[in-house]
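# Fold and contact review
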Amino acid sequence: MKKINQPRSRRCFLKQCAGVLAGSATMSATLTRLQLANAQAVGNDYKALVCIFLFGGNDSYNLIVPTSSSQYQTYSDVRQNLAIAQDELLSISPITDTGVAYGFHPSMSSVRDLFENDTLSVIANVGSLVEPVTKSTYLNNTAVKPPQLFSHNDQQNFVQSLSTGIAKNGWAGRAADTLASINDNQRLSMNISLSGSNIWQSGRNVIPYSISGQGISTLTGLDGASVDGFERNRAEIYRTLLENSQSHLFEQEFSRVQLRAWDLAAEISVAINDLEPIETVFPEGNRLATDLKMIAQLISARDALDVRRQVYFVGMGGFDTHGGQNNTQPELLSTLSEAMNAFNSSMIELGVQDNVTTFTASDFGRTLTSNGDGTDHGWGGHQLVMGGAVRGREIYGQMPSLEINSDDDIGEGRIIPTTSIDQYGATLASWFGLQAQDFSDVFPNLANFDSVDLGFMNNV
Amino acid sequence: MSIDIIPFSFIKNQWRKSILLCLLTSTIVGCGGGGGAGASAGNVPPTPQVEPPVEEDPLSPDTRPDPVLPEKGSVEWDEAVVAARFLVQSTFGPTVKGIDSLAEITREEWLDSQFDLPVTYHLPLLDERFEELGMEILPEPEAPELAYQRELQRSDVWWEISLRAEDQLRQRVAFALSQIFVVSNVDSNLFNDSRGLANYQDILLTHAFGDFRELLEAVALNPLMGKYLSMIRNRKSDLIQNIRPDENFARECMQLFSIGLVELNLDGSVRLDDNNNPIPTYNQETIKAFARVFTGWNTYNADFWWSWNHTAESEVRPMIAFQNVHDEEEKMLLGGRILPAGQTAEQDLEDAMDNVFTHDNVGPFISKQLIQRLITSNPSPSYVERVALVFNDNGNGLRGDLRAVIKAIYMDVEAVNGLADSPEQFGKLKEPILKMSALWRAFKAQGVPIVTADNDLQGSRIRFLGSHRDLGQRPYGSFSVFNFYRPEFQQPGAVSEADLVSPEFQILTESSIVSQTNFLASSIYWRDKDNPDLESSVNFNWDVFPPRLNLDEEKLVAGDVSDLLDRLDLLLLQGRLTDEYKTALSTHIGVISTDTDASTRLRVYESIYMLASSPEFAVQR
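Residues numbered from 1 in each chain as written. Chains lettered and ligands numbered in written order. Predicted model: local features only at pLDDT ≥ 70, side-chain atom pairs only at ≥ 80, totals over all residues. Heavy atoms only, no water.

For chain B, the helix and strand inventory stands at 26 helices and 11 strands. Overall, chain B is about 85 × 60 × 45 Å in size when its C-alpha atoms are taken along their principal axes. A buried classification covers 63% of the 621 residues belonging to chain B. Counted over contacts in chain B with a minimum sequence separation of 6, partners at least 24 positions apart contribute 73%. A total of about 22,400 Å² of accessible surface is found on chain B, and carbon and sulfur atoms cover 53% of it. (Helix = DSSP H or I, 4+ residues; strand = E, 2+ residues; numbered from the N terminus. Buried < 20%, exposed > 50% of the residue type's maximum accessible area, 1.4 Å probe, protein only. Contact = heavy atoms within 4.5 Å. Areas by Shrake-Rupley, 256 points an atom, 1.4 Å probe, with all protein chains shown as cover.)

Written as structure tokens, this is what we have:
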């Protein structure tokens, strides 16, 4: 393990002490308390990571595009009927001048503005890698590669789990396993999903909690504290039924989910209903925005819910643009852009802009070449990171050559990633507070890469 | 002590809430609501009378009395439990009449009679509905504003046939197939293709007991699949424009519809190479070759390969070939099979289908998924192998005979005795659609009277197009071609630790379980046809309205708590109601008197709800 940023806060010191004194649960609990007390004394110790997963494989080569004339020409040659017109691209001014100018897709004006005001950065050509791959190691089959490149569900699994075998858990889940004790509220999972089950947030112990962006429903007619004695009785009988372990594994599991849902929906409803509503206007008819608004509400309830670290997962579908890409992509990207912008505004409103980092991920990038009406499954692609703790207005990593059959291209413009998901995730996790000793477990392929912190987060 | 009815008004309130929520959150499909022009009781103009149908329509709601059930503890009861369990596996849910009919015939006889029943097709009934409503069957053009109403009709037809058709086994198998050969109108791709979807369902019904090779080809040439996986208008390479064939259908046809990603043993386990690594079934070069095979297709009425001429008729006709954009170069497919240069689009497609169909993986790959959809999430390797052997050879040398495969799945010793051999693991979580269908079949869902804008009765309909909002699942509404859940999904925790898979748990989340359970309540309390406070009619724009139930038989036995619970136990839990829970429930519902019809109904609702919300009902065993 190289170049991991050394932990800075006294919390880490105490955590290591906890390790030395291990064996006493009480002592550990006391130390956790101490850490929190310490953290609170230091400042507002709350951090959340928000993953926006672009299901289907986002064609990010149209999300950010070179605008310098020779590079644009290369882009336009390879993309043909899918290319965005040069004068429509929204130009940006990265802090580091690489000599090549870039612009965002015309439907992403909000993201461009976020970039320009230092709130957002681009991570170039990220993708599934076990170890660095070159075109020659790919072609002569000597590179160790993630299983089943170009397959949707396998690549979603790898991006989320970083596992080359059967994935049992994901990197956010494993991170939460080691960090879980920091939250006083042990009933509510550190990991909350707005898009249902996902491997990313599942740990060895941590089980993600699912919530709907449409609102939190409680079980009707099952209020154990109802004024109606018959309802109380119903609730009691039902609870007894669920708690008495049935012999069948699936029945037990159904009961566990129901009990968790029953109790937490009530608790979270109370926490949210007691708060001032968020004033930031989220765009209408934008499902991602609706989900992100729910996340904002949950974040605003962090003190009521008694949590210090949270990981949110929200998915957006429709990115598998094999057909009709020119029709669908503008809407997809504007939906993403407007939702991210509203979410950022709400974080400013809540005064937690520096505490919440939002990032995108996707199955894979897409082919540079067109199939006539769209693009097919590729490999590396660009991602966005947003928040007050992000070192904004920058492009991190290496932009690939967009020339067909370049050294970056394994065929049809399927681009070999130059930054791995392990590196991307580790940089985020380092900011989030993952301890040095836990990186190799959470990011199993990280040791195969030189740089383990991409530098896009302000870690202080 | 008698119970006041008022405390249960929560259901009505909950209804209003969910209706309001529906209005506030209308997404792609929309949830109707007719501008709030109230469907709720008391707010609507006078009801048109629902006339009972004159002729004996097999799809009309069941109003006939049930045969008498055997008494608990008798030999006949035990046989009824076995029959009910079998019907959970093989239909959309057991009914008393269905259980009774199995008392006289064997499982095999029942299967054979199901195989021979005429197919209940969806498209003809849909067209009939269009006509009845004065909607054109083949409107030119298919105006977008018609799409929602057409889709409501299609969904009604899907539900009414699935709940009531006699060919239950075929309908159930088609539902399973629709989760392997997935098309979905959840995004705009298949917008306004209701006839096409009904026809797609009919294709699955037609081939459900037929030849897998023919099914595969029918799916490949279906224009909805063509649109969904962008094979339509796919063309050969154009080097000048730097365009190459679309890989979408090529990839998913192999990965999801036939052979999967890695070589399998006959028993469904992954075959390993000398280094203990899985062996990929194909690589990117194979995908590219198949992508070239699937070039040159468009709708039957297209004038040119690039025409967009989609009509209500082109949705239901196989695509046709346009040779001028078909890639005629040589292609190397699976197992090194070479398609010679110069073949037509049709020849290439036929040969490619043969190439896929004869791959050794198809038997175990398809057999295992069918077992998972119909019987159990974790079949033993030997069960998969026994079925795969039948897939490979039906006994008469025929490969891919689905009738024989389905029979092998249901007659297998594991389907029959799996529960006894592995009581803690055998079976599957019921997907939400099958949970609701079981409830609605058991209690003879009558539908709700839907009225037009002019307040004319459309008919009594099973109205559930918006099922995804409450259940997290809608037929032909999966999030992607990867279905609602993956066959290998492992619920984190105990299931994963036991190295088992639990596909349906992928959509059982903390948020969906609450809305599902609440929806069960909304579908039970005050929903029987004799409730005098029922809504008089339902606006034509609603996309969810729980049907009225026929609880005549339950009310008849409600006076005896034990009899009532036994009946419900058989129908809903297949005899798995524990003595302990029965005792607790008896006390609880015994508090409700049967002095009046209203309180009797309340006793029945309460009993049904307490069983339907149980973990036992949630799991098919």
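A separate point is the interface of chain A and chain B. The interface of chain A with chain B comprises 70 residues on the first partner and 83 residues on the second. Interface area for chain A against chain B, summed over the two sides, is near 6,000 Å², with a carbon-plus-sulfur share of 59%. Broken down residue by residue, the surface that chain A buries against chain B is led by Phe230, Phe250 and Phe254 of chain A, which jointly contribute 13%. For the interface between chain A and chain B, the tally reads 8 salt bridges. Measuring nitrogen to oxygen at the nearest pair gives 2.8 Å for the salt bridge that ties Glu251 of chain A to Arg576 of chain B. On the surface where chain A and chain B come into contact, there are 33 residue pairs in polar contact (both at pLDDT 80 or more). Here the side of chain A that touches chain B gets 11 residues from one element, more than from any other, and that element is helix H9 (residues 249-273) of chain A. Looking at the side of chain A that touches chain B residue by residue, the classes come out as 22 nonpolar, 33 polar and 15 charged. (Buried area = accessible area lost by both parts, 1.4 Å probe. Salt bridge = Lys/Arg side-chain N within 4 Å of Asp/Glu carboxyl O. Polar contact = N/O pair within 3.5 Å; in protein donor to acceptor, adjacent residues only side chain to side chain. Nonpolar A, V, L, I, M, F, W, Y, C, P; charged D, E, K, R; others polar.)

Two modes of strand pairing occur in sheets, parallel and antiparallel, and in both the strands are linked by backbone hydrogen bonds. Residue and element names in this part refer to chain B. If you walk across this open sheet you meet the 3 strands as S7-S6-S9, and the pairing is mixed. Each edge of the open sheet is held by one strand with a lone partner, namely strand S7 (457-461) and strand S9 (538-539). For strand S6 (residues 448-451) and S9, the ladder comprises 2 bridges, and the chain directions are parallel. By the bridge assignment for S9, Ile450 is matched with Val538. (Pairing = 2+ DSSP bridges.)

Residue and element names in this part refer to chain B. One can find Ser515 in helix H21 (residues 510-524). Look at Ser515 and you get buried, because its relative accessible area is 13%. With near-sequence residues (within four places) excluded, Ser515 lies in contact with Arg469 and Asp470.

Take the nonpolar core next. Counting residues in hydrophobic clusters, the biggest one holds 168 residues, and the most contacted among them are Phe181, Phe212, Phe257, Trp440 and Phe443 of chain B. Of all hydrophobic cores here, the second largest spans 58 residues; its members include Leu114, Ile272, Leu292 and Met316 of chain A. (Core = buried A, V, L, I, M, F, W, Y, C linked by side-chain atoms within 4.5 Å.)

Residues at a pLDDT of 70 or more form 90% of chain A, whose mean pLDDT is 91. In this model residues 1-43 of chain A is a low-confidence stretch, pLDDT under 50, and it forms 46 contacts with partners more than four residues away in sequence or in other chains. (pLDDT = per-residue confidence, 0-100.)

Bringing the pattern of salt bridges into the picture now. Applying the stated criterion across every chain yields a total of 66 salt bridges over all chains. As a salt-bridge pair, Arg244 of chain B and Asp376 of chain A come within 2.6 Å of each other at their nearest N and O atoms. Taken together, the residues span two chains, with Arg244 of chain B in the loop between helix H10 (223-228) and helix H11 (248-255) and Asp376 of chain A in the loop between strand S9 (356-362) and strand S10 (381-386). As far as burial versus exposure is concerned, Arg244 of chain B and Asp376 of chain A are alike and both buried. A salt bridge links Asp530 of chain B to Lys555 of chain B, with the shortest nitrogen-to-oxygen separation between them at 2.7 Å. Residue Asp530 of chain B is located in the loop between H21 and S9, and its partner Lys555 of chain B is located in helix H22 (residues 552-557); the two are separated by 25 residues in the primary sequence. With a relative accessible area of 16%, Lys555 of chain B lands in the buried category. A single salt-bridge network, built from bridges that share partners, covers Asp376, Glu412 and Arg414 of chain A together with Arg244, Glu247, Arg251, Glu285 and Lys288 of chain B.

Moving on, we get to the sheet that holds strand S4 (residues 102-104) of chain A. Residue and element names in this part refer to chain A. Sheet architecture is open: 3 strands sit in the order S2-S4-S3, paired in antiparallel fashion. Of all strands in the sheet, those bounded by a partner on one side alone are strand S2 (64-66) and strand S3 (90-91). Here 3 bridges tie S2 to S4, and the two strands are oriented antiparallel to one another. Looking across to S4, one finds that Ile64 is bridged to Phe104.

Another aspect to go through is the pairing of strand S8 (residues 309-316) of chain A. All names here are of chain A. For S8, a buried count of 8 out of 8 residues is recorded, marking the element as mostly surrounded by other parts of the structure. With burial as the criterion, each face of S8 is covered, one bearing Arg309, Val311, Phe313 and Gly315 and the other bearing Gln310, Tyr312, Val314 and Met316. Bridge count between strand S1 (residues 47-54) and S8: 8 bridges; the pairing is parallel. In the sheet register, Cys51 faces S8, and the bridge partner there is Phe313.

For helix H12 (residues 325-349) of chain A, built from 25 residues, the straight-helix expectation of 36 Å at 1.5 Å per residue is met to within 8% by its first-to-last C-alpha distance of 36 Å. Where H12 of chain A ends, the next residue or the one after it, Gly351 of chain A, has phi of about 70°, a positive value. (Expected span 1.5 Å × (residues − 1).)

Another aspect to go through is the side chain of Thr280 of chain A. All names here are of chain A. Assignment of secondary structure puts Thr280 in the loop between H9 and helix H10 (287-300). A relative accessible area of 13% places Thr280 in the buried class. At a separation of 3.5 Å, a polar atom in the side chain of Thr280 contacts the main-chain amide nitrogen of Ser346. A distance of 2.6 Å separates polar atoms of two side chains, one belonging to Thr280 and the other to Glu349.

This part is about the environment of Val133 of chain A. Secondary-structure assignment places Val133 of chain A in the loop between strand S5 (120-127) and helix H5 (135-139). Between the C-alpha atoms of Val133 of chain A and Tyr75 of chain A, which are 58 residues apart in sequence, the distance is 23 Å.

Further remarks concern the packing of helix H16 (residues 402-411) of chain B against helix H17 (residues 413-421) of chain B. Residues and elements named next belong to chain B. As a packed pair, H16 and H17 sit with axes 4 Å apart at the nearest point and diverge in direction by 25°. Relative to H17, the element H16 is oriented roughly parallel. Each of Ile409, Tyr410 and Met411 in H16 lies in contact with H17, whose residues at this interface are Val413, Ala415 and Val416. Considering only residue class, the contact of H16 with H17 consists of 6 nonpolar, no polar and no charged. (Axes fitted to C-alpha atoms, helices over the stretch in contact; angles between N-to-C directions. Parallel < 35°, antiparallel > 145°, perpendicular 65-115°, else oblique.)

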